[in-house]
Amino acid sequence: MNAIHPSAVVGPEVTMGTGNVIGPFAVLVGRVELGDHNWIGSGVTIGAPPEVRGWDHPTSWDSVDGGGVQIGHRNVLREGCQIHQGWKAVTKLGDDGFIMNQVYVAHDCRLGSHVTMASGARLAGHVVVQDRANLGMGALVHQRRVIGAGVMVGMGSVVTRDVPPLALVMGNPSRISRSNRYQAERIGLSAEDCDRLDAAYRSDLSGVVAVELLASTAGASSLVEEWVSARG
Ligand SMILES: CC(C)(COP(=O)(O)OP(=O)(O)OC[C@H]1O[C@@H](n2cnc3c(N)ncnc32)[C@H](O)[C@@H]1OP(=O)(O)O)[C@@H](O)C(=O)NCCC(=O)NCCS
């Protein structure tokens, strides 16, 4: 069973599992796959056409074309979020995301699981945000950038470069400041490994030294592999 508010619009190509709550005036259109137990706030739009100049905008809201949107399980999407259809590929959200009000996820973005995006954070097209990353209020990410697992992006920051796993970045343009020790501890790194990682990020703000260290750290090497793979 899903609890869909009577004022919500759910298009004919939308599929969903069970236990979803769809709020007032939410609009779900085009090819959208929603898993189980997601909470969709009022005025959220999922699946509007990709914002691509020259895109053949549909003649009817029943036939919104695109690469689709896939949303996993137990995500919370607060008021006014915009999740656009894919263009070249599907736009994807994993599981257990906390996506606060007015967040924008553009076409072809891929979010991992346990991602937090604070109010008004915005991703341009094709951005990858890996597991447990946290984007502060109003953060902006340039198209095609890859935010590694466990990264913290400071409030109002403008991310113009890929950010390696477990880094903390801030500013405009954002720069590495230190490690995100909170997440390093949460994924189970020892106190010594957390200290080493923090020292590496603080001593070499390019992140190269820290990435080499992570690649040889038990329990963290897979984060580097996933980050490198997403960068293509
Ligand atoms: C980035 C962040 C995690 C850093 O926290 P912190 O390490 O405790 O940082 P501090 O407050 O000690 O500040 C350290 C320095 O960074 C600066 N700074 C902090 N946050 C910054 C940001 N977002 N952008 C630019 N500079 C920032 C501070 O001014 C300070 O500079 P100074 O040393 O020249 O005085 C935090 O400031 C932040 O932005 N958190 C997200 C907040 C948010 O989005 N809240 C909404 C949740 S609903």
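Residues numbered from 1 in each chain as written. Predicted model: local features only at pLDDT ≥ 70, side-chain atom pairs only at ≥ 80, totals over all residues. Heavy atoms only, no water.

### Overview of the pairing of strand β25 (residues 175-179)
Taken together, the 4 bridges between strand β24 (residues 167-170) and β25 define a ladder with antiparallel strand orientation. Paired with Val-169 across the bridge in β25 is Ile-176. Here β24 folds back onto β25 in antiparallel fashion, the turn holding 4 residues, of which Gly-171 has a positive phi close to 100°. (Pairing = 2+ DSSP bridges. Helix = DSSP H or I, 4+ residues; strand = E, 2+ residues; numbered from the N terminus.)

### Describing the packing of helix α3 (residues 208-215) against helix α4 (residues 221-231)
Running from N to C, α3 and α4 point in directions that differ by 125°, and their axes come no closer than 7 Å. Between α3 and α4, the interaxial angle falls into the category oblique. Contact residues: Val-211, Leu-214 and Ala-215 in α3; Ser-221, Val-224 and Trp-227 in α4. Of the residues contributing to the contact of α3 with α4, the split by class is 5 nonpolar, 1 polar and no charged. (Axes fitted to C-alpha atoms, helices over the stretch in contact; angles between N-to-C directions. Parallel < 35°, antiparallel > 145°, perpendicular 65-115°, else oblique. Contact = heavy atoms within 4.5 Å. Nonpolar A, V, L, I, M, F, W, Y, C, P; charged D, E, K, R; others polar.)

### Some words on the packing of helix α2 (residues 191-203) against α3
Close contact between α2 and α3 brings their axes to 7 Å; oriented N to C, the two are set at 155°. By the criterion of interaxial angle, the relationship of α2 to α3 is roughly antiparallel. Remark: the crossing between α2 and α3 carries right-handed chirality. Where α2 abuts α3, its residues Arg-196, Leu-197, Ala-200 and Tyr-201 lie against Val-209, Ala-210, Leu-213 and Leu-214. Of the residues that constitute the contact of α2 with α3, the class distribution is 7 nonpolar, no polar and 1 charged. (Left-handed = near helix turned anticlockwise from the far one by under 90°.)

### Looking at the site of the ligand
Around the ligand, the structure places Met-100, Gly-136, Met-137, Met-152, Gly-154, Met-155, Leu-168, Met-170, Gly-171 and Arg-178. Met-137 places a main-chain nitrogen or oxygen 2.7 Å from an oxygen atom of the ligand. Side-chain polar atom of Arg-178 to an oxygen atom of the ligand: 2.4 Å apart, as the coordinates give it. Bound to the protein, the ligand loses 39% of the 910 Å² it would expose on its own. Counted by class, the shell around the ligand contains 6 nonpolar, 3 polar and 1 charged residues. (Near = heavy atom within 4 Å. Polar contact = N/O pair within 3.5 Å; in protein donor to acceptor, adjacent residues only side chain to side chain. Areas by Shrake-Rupley, 256 points an atom, 1.4 Å probe, with all protein chains shown as cover.)

### Points about the packing of aromatic side chains
Here the structure, examined in full by the defined rule, presents 0 aromatic pairs. Lying across the ring of Trp-87, Lys-88 places its NZ or CZ 4.4 Å from the centre. (Phe/Tyr/Trp six-rings, centres within 6.5 Å; stacked < 30°, edge-to-face > 60°. Lys NZ or Arg CZ within 6 Å of the ring centre and 35° of its normal.)

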